[in-house]
Structures are given as C-alpha cells and as structure tokens.
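Residue strings, one per chain:
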Amino acid sequence: MRQWTVDAFAPEAFKGNPACVVEPFEAWPDAGWMQKLAAENNQAETAFLLKTADPARFGLRWFTPALEVPLCGHATLASGHVLFAELGLEAEQVTFDTQSGPLTVRRSGELYEMDFPAQPPKQCEVAGLAEALGVEPVEVWASNYVVAVLADEDAVRACAPDLVALEKVAGEHTGSRGNVGVAALAAGKPYDVVDRFFAPGSGIPEDPATGSLHCILTPLFAEKLGRSRVAFHQAYPGRGGDLDCEHRGERVLLRGRATTVVDGTLRIRP
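Below, the structure is looked at part by part. This one's a predicted model, so the numbers in the text were calculated from it and none came from an experiment.

With respect to the helices, strands and loops of the structure, Val261 is situated in strand E18 (residues 258–265). For Val261, the residues in contact, after removing those within four places along its chain, are Thr5, Asp7, Ala13 and Phe14.

Now the structure itself:
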C-alpha cells in the first residue's frame, strides 16, 4: 500500500502545508487504525480515500494526529493532486464525499481549484482573546473558527499567542473548536491579505496553509475589498502558503498548487 506526502498550496517543495494521502481503500478501515496512522505520520492531516463505482468519485476523511476533523482544505487539494498526478486519473474533476458534503477538485491550468462551502462569519466579542493572542484585535469574527482582524501585516507576523489560553477562550465560543485565525490587509504586496492559523483545538499549534480557514476569510475580505476574488498569503514562519480565492454566494473557490515530496510504501495494513 502506497502513501504520499504532498506540500499543498505550494509551487515547490518545503512550502505550503504538508499532508499525507493514503492509497484509496475498497472499504473504510477501522477509525482507530486511521487515527494511529495519522499520529504516526505526525503531519497536520492524513487523508484517507474510499473507492466508489465512479472512478472520479471518492469518499474522503481527514485525521490530525489527535482527532478526525469535518473539513480540511489542504489535504483535499493534496488528495486531488495524488489522484491526478500520481495515480493518473484522466477526469477533469474529482468529487469527494465528506462530512461537509460533496467537495470537488478540478484542474485549472497550473493550479487545482476546489469548490467548498462558504462559512461567512459574524462579528462578535470573545472575552480574553486579546490577552491570549498578545495583541489587541481591530475586529473579532467567528464562524467555525474565531478570526481576529489585526491592524497590519507586521502584527500578524509578530503574533505569538499563549496556545493554552487561546484554546480555552476560543473553545468557549460556539463552533470554534479552540482554533483561531489572525488576518490583516496587506499593503503593496502581491497578495491582498496576510493571515495565520493557530489550531490547538485540533492538536496543531500552528497550521502552515489552511483551506478551511479561507472559507471564512474569503467572504469576510471579499466584502471589505468590494470584489469577489482575494489573494491570500498564509505567513507560517519559514514556509508560507498562497491561496487564490473567490467568493461565489454559498460557495468559495480555493485555488493553489501542490508538490509531491515523498512517495512511500506502508508495510502495515488495517
């Protein structure tokens, strides 16, 4: 059985966000086994695929080293990349059946384009958030995650939160799972918005490039900028990822590149 490590939202190796993608199964393995493999891989996500009667449709589940999650963008992009680039899928588009409904990945020139549900946030207050982040937000919004809009790019890049406190204050906010994004408009850069994502509620101190976060950020900043298409740079120290996003009503299109870094063989089976 094969397994690939793919850097998603990255034009080259050692950028973006790595995910492991396991060769598609005929039937779902036991969830406990999948969780153990994800912990062994120790990447932000390990993606598991299930074959269907349609060669361009698969079941998809995502596991962090600590738990199964309902939505993951970068591991979905990595899964599409593996099917197209490594396993030779000839279809123009692949559909994944997930806990968050059907998700698609299609080829778009040199990019992959994903169609995800939009998660527009609502403005709110989160007690203790400024203290946990170590910086005073300009605005606070929440959907599936809490999002703190900061004053500028420097504040985003300098942010060094207390992760234990951050998980507690965000976790008390309905739906956020103890995970927080920070973002700011960028001036004079090739991207419109710079952001970072801290996910202690998912067992990840900081995630390098997060598709699901941008299902929240895209409608938020599309409204602020007065246009549907927004370029984001997720400024994880030492790596960083780039996402070209477009708000289309109840959906968000997420575009990015992917690079295979490891092609390996699993010597264990469920």
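After presenting the structure, the write-up continues.
With that settled, consider the side chain of Gln35. Counting through the fold element by element, Gln35 comes out in helix H1 (residues 31–41). Accessibility expressed as a relative area gives 18% for Gln35, which makes it buried. Of the polar contacts made by the side chain of Gln35, one reaches the backbone oxygen of Pro65; its length is 3.2 Å.

A few words on the pattern of salt bridges. All told, the structure shown has 19 salt bridges when counted by the stated rule. Note that Arg57 is salt-bridged to Asp97, the shortest N-O span being 2.9 Å. One end of the pair, Arg57, is in strand E4 (residues 57–63); the other, Asp97, is in strand E6 (residues 93–98), with 40 residues separating them in the sequence. Close ionic contact of Arg227 with Asp192 constitutes a salt bridge, the shortest N to O distance being 2.9 Å. Of this pair, Arg227 sits in the loop between helix H6 (211–225) and strand E15 (229–234) while Asp192 sits in the loop between strand E12 (180–185) and strand E13 (193–199), and the two are 35 residues apart along the sequence. Taken together, the salt bridges that share partners define one network made up of Arg106, Glu113, Arg229, Asp244, Glu246, Arg248 and Arg255.

Right, let's get into empty space enclosed by the protein. Under the defined criterion, the tally for this structure stands at one cavity of 30 Å³ or more. Only E13 and strand E14 (204–207) provide two or more residues apiece to the lining of the largest cavity. Looking at the lining of the largest cavity, its residues break down into seven nonpolar, six polar and three charged.

Let us look at the nonpolar core. Of all hydrophobic cores here, the largest spans 54 residues; its most connected members are Trp62, Val94, Phe96, Phe221 and Phe232. Tallying contributions element by element places H6 first for this core, with seven residues. Val126, Leu133, Val194 and Phe198 belong to the second largest nonpolar core, which has 23 residues in total.

Of the strand pairs in this sheet, E4 and E6 are connected by three bridges, and their pairing is parallel. Along E6, the bridge assignment pairs Arg57 with Thr95. With six bridges connecting them, E6 and strand E7 (residues 101–108) associate as antiparallel partners. The residue bridging Gln93 from the neighbouring strand is Arg106, located in E7.

On to the side chain of Arg61, then. Among the structural elements, Arg61 can be located in strand E4. Polar side-chain contacts of Arg61 include one of 2.8 Å to the side chain of Glu68. If we ignore the near neighbours within four places in the chain, the residues touching Arg61 are Trp28, Ala31, Met34, Thr46, Ala47, Phe48 and Glu68.

Another point: a nonpolar patch on the surface. Together, Phe14, Val261 and Val262 make up a nonpolar patch on the protein surface, roughly 270 Å² of accessible area in all. With respect to the helices and strands, Phe14 occurs in the loop between strand E1 (2–8) and strand E2 (17–22). Judged by its relative accessible area of 58%, Phe14 falls in the exposed class.

So, about the packing of aromatic side chains. According to the stated counting rule, one finds seven aromatic pairs in the structure shown. Ring centres 5.6 Å apart and planes at 90 degrees place the aromatic pair Phe48 and Phe63 in the edge-to-face group. A residue pair is termed long-range when its members are at least 10 positions apart, and Phe48 in strand E3 (residues 45–51) and Phe63 in strand E4 qualify at 15 residues. Phe48 gets classed as buried once you look at its relative accessible area, which sits at 0%. Judged by its relative accessible area of 2%, Phe63 falls in the buried class. In this structure an aromatic cluster arises from ring pairing among Phe25, Trp33, Phe48 and Phe63. Positioned above the aromatic ring of Trp28 is the side chain of Arg61, whose terminal nitrogen or guanidinium carbon lies 5.2 Å from the ring centre.

Here is what the cut-offs are and how they apply
Residues numbered from 1 in each chain as written. Predicted model: local features only at pLDDT ≥ 70, side-chain atom pairs only at ≥ 80, totals over all residues. Heavy atoms only, no water. Helix = DSSP H or I, 4+ residues; strand = E, 2+ residues; numbered from the N terminus. Contact = heavy atoms within 4.5 Å. Buried < 20%, exposed > 50% of the residue type's maximum accessible area, 1.4 Å probe, protein only. Polar contact = N/O pair within 3.5 Å; in protein donor to acceptor, adjacent residues only side chain to side chain. Salt bridge = Lys/Arg side-chain N within 4 Å of Asp/Glu carboxyl O. 1 Å grid on protein atoms, 1.4 Å probe; cavity = no way out; pocket = protein on both sides within 12 Å on 5 of 7 lines; lining within 4 Å. Points joined across faces, edges and corners; volume = space filled by probe spheres on them. Nonpolar A, V, L, I, M, F, W, Y, C, P; charged D, E, K, R; others polar. Core = buried A, V, L, I, M, F, W, Y, C linked by side-chain atoms within 4.5 Å. Pairing = 2+ DSSP bridges. Patch = residues over 30% accessible without salt bridge, like charges linked within 9 Å, V, L, I, M, F, W, Y side chains within 5 Å. Areas by Shrake-Rupley, 256 points an atom, 1.4 Å probe, with all protein chains shown as cover. Phe/Tyr/Trp six-rings, centres within 6.5 Å; stacked < 30°, edge-to-face > 60°. Lys NZ or Arg CZ within 6 Å of the ring centre and 35° of its normal.

In short, shape yes, function no, at least from these values alone.
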